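# Structure assessment
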Amino acid sequence: MPAGRGPAANGPAGKGAAGNEPARNEPARKGAARRAPARRAPARRAPARERATERLRGAVDEQRAALGEPAWAGPSEAAPLGREVVRAVLAAMDAGLVPAKEALRGAVTFLLSALADRAPGKAVEVRVPPYAAVQCIEGPRHTRGTPPNVVETDPVTWITLAAGRAGWAQAVASGKVRASGPRADLSAWLPLLVVESP
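Residues numbered from 1 in each chain as written. Predicted model: local features only at pLDDT ≥ 70, side-chain atom pairs only at ≥ 80, totals over all residues. Heavy atoms only, no water.

## Focus: the pattern of salt bridges
- For the structure shown, the criterion picks out 11 salt bridges.
- Between Asp61 and Arg57 there is a salt bridge whose closest N-O contact spans 3.3 Å. Taken together, the residues span about one helical turn, with Asp61 and Arg57 both in helix α1 (residues 48–66) at a distance of four residues.
- We classify Asp61 as partly exposed; its relative accessible area is 22%.
- Residue class for Arg57 comes out partly exposed when judged on its relative accessible area of 25%.
- A salt bridge links Arg127 to Glu125; its shortest N-O distance comes to 2.6 Å.
- Residue Arg127 is classed as partly exposed on the basis of its relative accessible area of 25%. (Salt bridge = Lys/Arg side-chain N within 4 Å of Asp/Glu carboxyl O. Helix = DSSP H or I, 4+ residues; strand = E, 2+ residues; numbered from the N terminus. Buried < 20%, exposed > 50% of the residue type's maximum accessible area, 1.4 Å probe, protein only.)

Right, here's the structure in full:
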C-alpha cells in the first residue's frame with residue numbers, strides 16, 4: 001500500500017482525523033444510517049402586491065401622524081391609499097413640512113403608475129430618482145441603452161405636476177423637468193389627479 005494511504009494514515013483504529021468519524025475508505029457501521037438535515041418549510045411570503053399595499057398603508061399613516069391627523073380609516077385597496085398618500089404629501093408641503101420618505105415614495109410610484117395606465121406604451125421613459133421610473137406613451141420603443149425620449153424630474157416637482165399644482169411648460173422652462181426627445185412632452189396627460197390647495 002502506498003505511503004499515506006490506508007487505515008493507518010487516517011488515525012488510530014480506522015478513525016478519521018478527528019478520531020470520531022468513520023474513515024473515508026471504511027463503510028459506515030451497520031444500522032448507523034446517515035440522515036439528511038431536516039428541511040424547514042419555506043416561510044410563506046406575501047405576494048408583492050400585498051406587500052406594496054401594506055407599505056403604502058404604513059406611509060399614509062406615518063404622513064398623517066406627522067400632520068397631526070388620525071390613522072387612515074378608509075379602504076385598504078391600492079387606489080384609495082395612493083390618492084390619500086398624494087393628498088397627505090401635498091398637505092405636508094403646504095404646511096411647510098418635509099414629506100416623510102416612504103410617503104414621498106408612495107406618492108411618486110402611485111402617480112407614475114397612473115401615468116402608465118393613462119398613456120400606455122414604451123416610447124417615453126419618465127424617471128423620478130431615486131424612487132421609480134416608468135415607460136409610457138405609444139410610439140417606437142427602445143430596447144437597449146438610453147431611450148430617445150426621456151423625462152426626468154425630482155419627486156416634489158413630479159407630485160406637483162401630476163396633482164395639477166404646477167404647469168408642464170413652466171416646469172420645463174425653469175429646469176425642474178428635463179425633457180429630451182420629440183415625444184417627451186407629458187402636458188397632454190397631466191394632471192393625473194387634481195388635489196386642490198387648502
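## Here's the deal with the side chain of Thr160
- Examined against the element boundaries, Thr160 turns out to sit in helix α4 (residues 155–162).
- Among the residues examined, Thr160 registers a relative accessible area of 17% and is labelled buried.

## Observations concerning the nonpolar core
- Within the largest apolar cluster, 42 residues are counted, with the highest numbers of intra-cluster contacts made by Val86, Leu111, Val126, Trp158 and Leu186.
- With eight residues, helix α3 (residues 101–118) is the largest single contributor of residues to this core.
- If sequence neighbours within four positions are ignored, Leu186 has contacts with Leu115, Val126, Ile137, Val151, Trp158 and Trp168. (Core = buried A, V, L, I, M, F, W, Y, C linked by side-chain atoms within 4.5 Å. Contact = heavy atoms within 4.5 Å.)

## Let's talk about the layout of surface pockets
- Of the voids in this model, the largest pocket is the one considered here, and its volume is about 430 Å³.
- As for the largest pocket, its lining consists of 17 residues, of which Ala52, Leu56, Gly106, Thr109 and Phe110 are closest to the centre.
- When residues of the lining of the largest pocket are traced back to their parent elements, those giving at least two are α1, α2 (78–94) and α3.
- In the lining of the largest pocket, the residues fall into eight nonpolar, four polar and five charged. (1 Å grid on protein atoms, 1.4 Å probe; cavity = no way out; pocket = protein on both sides within 12 Å on 5 of 7 lines; lining within 4 Å. Points joined across faces, edges and corners; volume = space filled by probe spheres on them. Nonpolar A, V, L, I, M, F, W, Y, C, P; charged D, E, K, R; others polar.)

## Things to note about the confidence of the model for the protein
- Summing up the model confidence of the protein, the mean pLDDT is 84 and the portion of residues at 70 or higher is 75%.
- Predicted confidence is poor over residues 6–17, with pLDDT under 50, and the contacts of this stretch with residues over four places away or in other chains come to 20 contacts. (pLDDT = per-residue confidence, 0-100.)

## Side note on the packing of α2 against α4
- Following both chains from N to C, one finds α2 and α4 inclined at 110 degrees, their axes separated by 11 Å at the closest point. Between α2 and α4, the angle falls in the class roughly perpendicular. Here the hand of the crossing between α2 and α4 comes out left-handed. Contacts between α2 and α4 involve Val89, Leu90 and Met93 from the first element and Val156, Ile159 and Thr160 from the second. (Axes fitted to C-alpha atoms, helices over the stretch in contact; angles between N-to-C directions. Parallel < 35°, antiparallel > 145°, perpendicular 65-115°, else oblique. Left-handed = near helix turned anticlockwise from the far one by under 90°.)

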